[in-house]
Each structure stands twice: as structure tokens, then as C-alpha cells.
Amino acid sequence: GCLGRTMTEPCGAAMSLANLARASSGPGASVRRPATVHRHAASLSGTAPGKASASKIWRRRGPVLLGARAASSDDAGPTGTSPPSSVAGSNDATGAAAASDARIPTYHLHEEEHDFDVIVVGAGHAGCEAALAASRRGARTLLLTLSLDRIAWQPCNPAVGGPAKSQLVHEVDALGGEIGKMADKCYLQKRVLNASRGPAVWALRAQTDKWEYSREMRLRLERQPNLMIREGMATDVLVGSNDDVEGVRTFFGMEFRAPAVVLTTGTFMSGQIWVGRKTLAAGRAGEAPSEGLTESLVDLGFETDRLKTGTPARVDSRSIDYSRLEAQPGDEDERWFSFDPRAHVRREQMACHLTRTTAATHQLIRDNLHETPTYGGWVGAKGPRYCPSIEDKIVRFADKESHQIFLEPEGRSCPEVYVQGFSTGLPERLQLALLRTLPGLEMVNMLRPAYAVEYDFLPAYQCDNTLETKKIRGLFFSGQINGTTGYEEAAGQGLLAGANAAAVALDGAKLVLPREGSYLGTLIDDLCTKDLREPYRMLTSRSEYRLVLRSDNADQRLTPIGRECGLIDDERWGMFTEKMRAVEDELERLMNTRVKSDSEVVQAILNAGAGGAKKPSRQSFTLEELLRRPEVDTALLDGFGLGGGLIRWDAEAVEVKVKYEGFIKRQEGQVAKVAGKMNKKIPEGIDYGAITTLRMEAREKLAKMTPRTVGQASRIGGVTPADISSLLVHLEVGNRQKGVGKDARRAAKADRKAAVEAAVKERSETQSQSVAPPR
């Protein structure tokens, strides 16, 4: 019933009031607006340190009142009541606002509905984070989506997290994003992967309810002040005469204007689904592709290419024989993605199950490889290396007798089960027979067939490290359009692009994350410096500094940055500062509290150590020294009444910092040492062709990728360490020549000044001699 109008407009009686308000101004009426642009607020829900808050932002279109503090009669719901103040600027995903408030408009009805500060195209995981980040920074934002019913949809595996991906989710949350809160609220099961290894590679993974996740994210968007959602297909990017973006045009001819546009089109740009030899134009099953946008971008001079991904069949849970499967329950000790305790919703977990392929599975695939799009030869696009189809596994790992297959529920109230690790391009007529070769699935019913999808993407080297394109000012690419794969990678890019789009629109500071400071910075750096031609997936091995980029310290690294950019509200900032004070106090307590060697706790620790009890070498130990031992944790200290009273997650962060202090300090020193040289800026417009000491391949690659720093240049494929040395020498010589030139100009200016002073002095002396003596 809401199709054809905006998500944030009121329904029912309030809609008629909205129409009445528009009609009362008359078709030709206009609102006089000041020509001057005044920016007063850095964010909607909180002000950065040292910045004044304001309930108004003056823009080209006049005053836009933000949040419930500025609510007027135009904002009233169906009963005429204003939204509660807790809704305004809230960065909380717990749904504290009443459901009836969800559809209260967060913009004024007299505002022009076609003029915005930021337009986000696509409402997947990248688009949702981009729209929320832009609106939190104070930008009036439009989120344009092909379907209002598929917001933040999880078309492949409904799961969040995993190795390296969980670190991304923690970092997005530390910057004020939503994906972690949604996963904590909508999970079916949680498990920590790599728990037997060090904390740098611990990885939280949550299986989520895909329907609940989409519903909750839509409600979150509806509650966000200054954000408008609308259904439509963007087909053209509008660009001004100065190569700056001006907005988008939809399939039906509507034009929406904004000085910043974020494209997050996912797999929809010229999407093509394949099931065996059959093909269908679609972005994903049951949804039409986005047509025309690729041609518009090519006309603007962008390079495009094709990628491929796939998703497995969905089967009916009621037809599975679970007695033949190995249960995979969730962890009893639940952990959380979000650092905000308000988002933690503890709930009953559901089990996943494990089965394996058989010889019959492998034989059926080998006999029909020619029926698949990839091995049949009619699809040449590259697929994801780290998430291969089942036929790729059989071909590439021919020596393996079987492969693990996980059966994962997609929701609490539906029978659909996701067959993880079993994506295929085989014809639908063979897929059911293939599924029934798996133990426990001999009588299974298939609800949805597996398919492969081919789509357009734009190699991300065409963007800089803010994800703004190098060709068009104000145009940003984010998500799978940049060649990535995964909800977490998309969400991280979306938050960065949305925050920077708001910075362009509102003349604010841009959010730039260095490679050595976060996994998200590593992701962006890889995208902007590597000419990727296959789907990019984040891995812990991609970061050189993963020991200092742990999940437990993501908020310590990034929340202050988010606060400076207006992405963190006052309440969240207060919780963070309180946590940091508690952590520092606890570290000081551990360092200063001593216990005697004959005490009960020391004896228990010595008995638990390797080799049994030994005589202590000292008369006393500090708690920090005890905690540094591998057999000691904070729970043991708590058991002897020596705990610091921290909540578990904060205590765990303290423990990691104490145990790995030496390694962490060493890597921090490496980061500081490398940053000095690698962060050296490369001047814009540098002529690499004129640097004769560079190899020809390096000149071509550097000219194509246009790196901004020496570090980015060093990570470009085809550029060797010798090339970097030559580049550094060239930059140093150029700096010295500039210095010599400045000295020469300074000396010439001094000579001219001295000559002028000498001439003036000579003239005055001549005049005094020519004056007749007095009578």
C-alpha cells in the first residue's frame, strides 16, 4: 500500500494532511529561501568536541529543522502528537521508539522533494549505511531503491561476520554504523571461529533471520531524521559543465538533484541470471535488473567490466532427515558485534547441521560440467576465488573425496534452509538429483533453485581513498559496484562513502582511514591501488598490522574519529569515554596491586602452570605480572576476589592488552616507522612519463592508477621496490629544486628592495644639495 510514495511519509489520515499541506500552497506557490548557505551542525545526534550544536541547518532551500527538538505541527503524526525527543538523533538500534512513530515524517512537508544534499542509489547493505551516515552528518538524504520490500536483503547466505569480516563489522559499529546492531538483534545462531588461536584472528559469525533483518533495517531507516526513502530505478547520472555531479534521472523521467551521489547498485547493473543454459535479465532471483546506468557511466568515461557470483538452492527443512546429520549448535557464551550494550538482545539459538558430498555427488557433477555456464563456455566473467561453486571444488580439488556442506536456517518462522558450499550453475532439472546425493537429503524437496548471476562493476582504482571518483566530483561508488563480495565489505564502504558524500555537500571534513589503522582502511586501499578483476573478499592476511587491528579495540581506534566526523551521538560518546576511563583505571590497578607469593591465588596459579607447583622466585607479584601468564585470565582473578569490576568485554580487552603488550608495542613501532615514509604525498598532476628512472611498466601503471601517496604507489601491481626508490628520489629532488627556487626568488626580491631603497636615498640627497641656502 505504500508503493509510489515515500517510506517516511505518514500513512492513512496523516497522508491526507500531507497532501492538504502541499495543495494549500498552490501549484505555483514557492517558498522564499535565502541565497546564502550557512552550516551550523556537524551531526544530527551529537556534536563533535569543540563544535556548537544547533537545531537548524540553513541550506540553499532555507531552514531545515532537524529531529524532534525542531518538530512543528507539520511533523505531527495521525493524532497530532510530535515525535518523542529520544527519536531525534538516536543512533540506537534497539527500537526504543514506539512502532507508531516509525512512519512519522523526518523532513518538513514544505521542502522540495526533488532537491537533496546527498542521493544514495540502492538500498542494500552499502546503501543503508551510506544513507544513515550522510543523514547523521546533517545532509538531507534521499535513498532510492528498486524495491521497498527488499531493503538490506540478504540474497545469498543470511550470515554476518566470519574471519576478517567480523573485524569489519566491529569497525563499522565503532564508527556509528548499523550492521552490527542488526546482527545482534536478528541472529539465529552465533559462533566464534578460530577461538583456539590468538585474539588477532578471533572471528564472530552470526546466522541471521533474513526477513527480520530486512524489516528491522527498514524501520531503522524510517526513524532516521533527515532521510527520505523512495522507490525508483536510476538510469542516468546528471553531470554539470565542471565535471561535478548534479543528481540522477530515473527510468520514468524523474530528476532528483544533489551535489553528491552515492551509487551502491550491487549485482543489479545489467544483471543476468544463469541456470544451466537458461538466462534471465535480473539483479537477483525475482527482481529486475537496473538498465541504462552502465551506459550512462561509460558515456562519462568510466571503465566497466563483468563479474560473476552465485547462490545455492534452498531446501525444505521439513524434508531433511536430521538424524543423519551432525548438529552444529551455537556458542553458549554469546558475544556481540556492537560495542553499544543497548543493542544486545539475547535470544534462543537455532542449530545448523553438517553433511558432506559423496562419490555420487562428484560423479554427477563431472558428467554434466558441460551444462554449467562457466565450463560450458557461455559465461566468461570471473567468480569469487574464496567462495567457489561446487563444480569448481570438484575440478580444482579433484583429489578430495568429499567436501563439507552446511545446512543453515534462513529464518525462525519459515522452512527454508540455505545449503552453504553448494552453489552451482547446473540446470534446474539436475539440481534436485544432485541435492539428493547428500546424506540426510535423500528425500529433500527443493524450494528455490541455485543460480549464477553476472553483473557490471567499475574497477575501484577509478576512485580515491574517500571512494569519490577521480573523474566526477561528488560521485561516489560503494559496495559490489567496486568489485567486492560480501555484506560486511559493502557496509564498510557504504558508511565511508556516505560520510564523505555529506562532507562534499556540506563542505565538511572528509573521512579518510589509513591502511595501518583499520581493516576498513586496508579494504579501501586495496580497492584503490589494485586493478582487481575478480570479486574481492576481506581476509585477515590482507592486513600487515592485524595484531593491532583486533576486534576488541576497534572502538578505541575508530570511535574518536567517528565523533570528529559527526557520526557518533552524545550518548554513545559518553558510554565510550566512561569505558576508556574504566579500562585505564583497571590497567593502573593491575600494575599497582601486589599479592604475596604465599597467597592463595599465587599458589593456585603455580599449580595450574606447566610442570606443577614451583617455589616462587620472588616475595610478591603484581596482578599485571600474574595476568601476563598464559594460564591466568580475568575470570581466575575474579574467583579470588581480585577482579576490577569491569563488564566481561572490557575485562577481556584489558587482558589482551596485558598479555600481548610486547608484541603490540613492537607492531605499533613498525606502523609508526612505515607511516613516515609511506604516507608521503605525491603531487597532483605529476608526469610519470618524465621520470626516466622508472621502468616503462611502472610509468604506465602509476599513470593509470594515480596514487595519492608513496604507500599506495608501492602496492600497485607491477611497481617494484626499485621503482618506489626512484620515485622517492624524484620527489626529494623536486622538493629541493622548489627550495632552491624559493631561495633564488627570495634573494632577487631582496636585491630589488635594496636597489629601490638606494635609489630613494640617492634622490633625497640630490634634492637636499640643490636647495638654495636661506637669505
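As the structure is a prediction and not an experimental result, all values here were calculated from the model.

A.B. asks: Give me helix H10 (residues 428-435): which residues, what numbers.
C.D. replies: Residues of H10 that are buried include every one of Leu430, Gln431, Leu434 and Leu435, and no others. One face of H10 carries all of its buried residues, which in axial projection span an arc of 135 degrees. Where H10 is buried, its residues touch strand S13 (272-275), strand S16 (314-316), helix H7 (359-367), strand S20 (416-420) and strand S21 (446-448).

A.B. asks: Would you mind going over the packing of aromatic side chains in detail, with residue names and values included?
C.D. replies: Two aromatic rings, taken as a pair, are described by how far apart their centres are and by the angle between their planes. A full pass over the atoms with the stated rule returns five aromatic pairs. With a centroid separation of 6.1 Å and 80 degrees between ring planes, the pair formed by Tyr187 and Trp336 is classed as edge-to-face. One end of the pair, Tyr187, is in strand S6 (residues 187-193); the other, Trp336, is in the loop between strand S17 (326-328) and strand S18 (352-356), and 149 residues separate them in sequence. Tyr187 gets classed as buried once you look at its relative accessible area, which sits at 0%.

A.B. asks: Tell me what's going on with the packing of helix H3 (residues 165-174) against helix H13 (residues 554-564), and back it up with residues and numbers.
C.D. replies: It is the contact of H3 with H13, at a shortest axis distance of 8 Å, that shows an interaxial angle of 35 degrees. The two elements H3 and H13 meet at a crossing, and its hand is right-handed. Residue-level inspection shows His170, Glu171 and Ala174 of H3 in contact with H13, the latter providing Ala554, Asp555, Arg557, Leu558 and Thr559. Tallied by class, residues from the contact of H3 with H13 come to three nonpolar, two polar and three charged.

A.B. asks: Tell me about the environment of Glu129, and please be specific about residues and values.
C.D. replies: Tracing the backbone through its elements, the reader meets Glu129 in helix H2 (residues 125-136). In this structure Glu129 comes out as buried when scored by relative accessible area, which is 1%. In sequence terms Glu129 and Gly498 are 369 residues apart; their C-alpha atoms lie 7.2 Å from each other. With sequence-adjacent residues up to four places away left out, Glu129 is seen in contact with Val172, Gly177, Glu178, Ile179, Ala491, Gly494 and Leu495.

A.B. asks: Outline the confidence of the model for the chain, listing residues and values.
C.D. replies: On average, the chain scores 83 in pLDDT, and the residues at 70 or more come to 81%. This model gives residues 1-104 a pLDDT under 50, and the stretch forms 202 contacts once residues within four places in sequence are excluded.

A.B. asks: Explain the pairing of strand S8 (residues 227-231) to me, using residue names and the numbers behind them.
C.D. replies: Of all the five residues making up S8, four are buried; the element is thus mostly covered by neighbouring parts of the structure. By the bridge criterion, five bridges tie strand S4 (residues 141-145) to S8 in an arrangement that is parallel. Within S8, the residue paired with Leu143 across the bridge is Ile229.

A.B. asks: So what's going on with the packing of H13 against helix H14 (residues 570-592)? Residues and values would help.
C.D. replies: Between H13 and H14, the least distance of the axes is 11 Å, while the angle of their chain directions is 145 degrees. Note that H13 runs across H14; the crossing there is left-handed. Of the residues in H14, those touching H13 at Asp555, Gln556, Thr559, Pro560 and Arg563 are Asp570, Trp573, Phe576, Lys579 and Met580. Here the residues of the contact of H13 with H14 are counted per class, giving four nonpolar, two polar and four charged.

A.B. asks: Any chance you could break down the pattern of salt bridges for me, citing the residues and the numbers?
C.D. replies: Under the defined criterion, the tally for this structure stands at 56 salt bridges. Between Arg257 and Glu246 there is a salt bridge; the shortest N-O distance is 3.3 Å. With a gap of 11 residues between them, Arg257 in strand S11 (residues 255-257) and Glu246 in strand S10 (residues 245-250) connect regions that are remote in the sequence. A network of salt bridges, in which partner residues are shared, links Asp236, Glu246, Arg249, Glu255 and Arg257.

So, how was this worked out
- Residues numbered from 1 in each chain as written.
- Predicted model: local features only at pLDDT ≥ 70, side-chain atom pairs only at ≥ 80, totals over all residues.
- Heavy atoms only, no water.
- Buried < 20%, exposed > 50% of the residue type's maximum accessible area, 1.4 Å probe, protein only.
- Helix = DSSP H or I, 4+ residues; strand = E, 2+ residues; numbered from the N terminus.
- Arc of directions from axis to C-beta.
- Contact = heavy atoms within 4.5 Å.
- Phe/Tyr/Trp six-rings, centres within 6.5 Å; stacked < 30°, edge-to-face > 60°.
- Axes fitted to C-alpha atoms, helices over the stretch in contact; angles between N-to-C directions.
- Left-handed = near helix turned anticlockwise from the far one by under 90°.
- Nonpolar A, V, L, I, M, F, W, Y, C, P; charged D, E, K, R; others polar.
- pLDDT = per-residue confidence, 0-100.
- Pairing = 2+ DSSP bridges.
- Salt bridge = Lys/Arg side-chain N within 4 Å of Asp/Glu carboxyl O.

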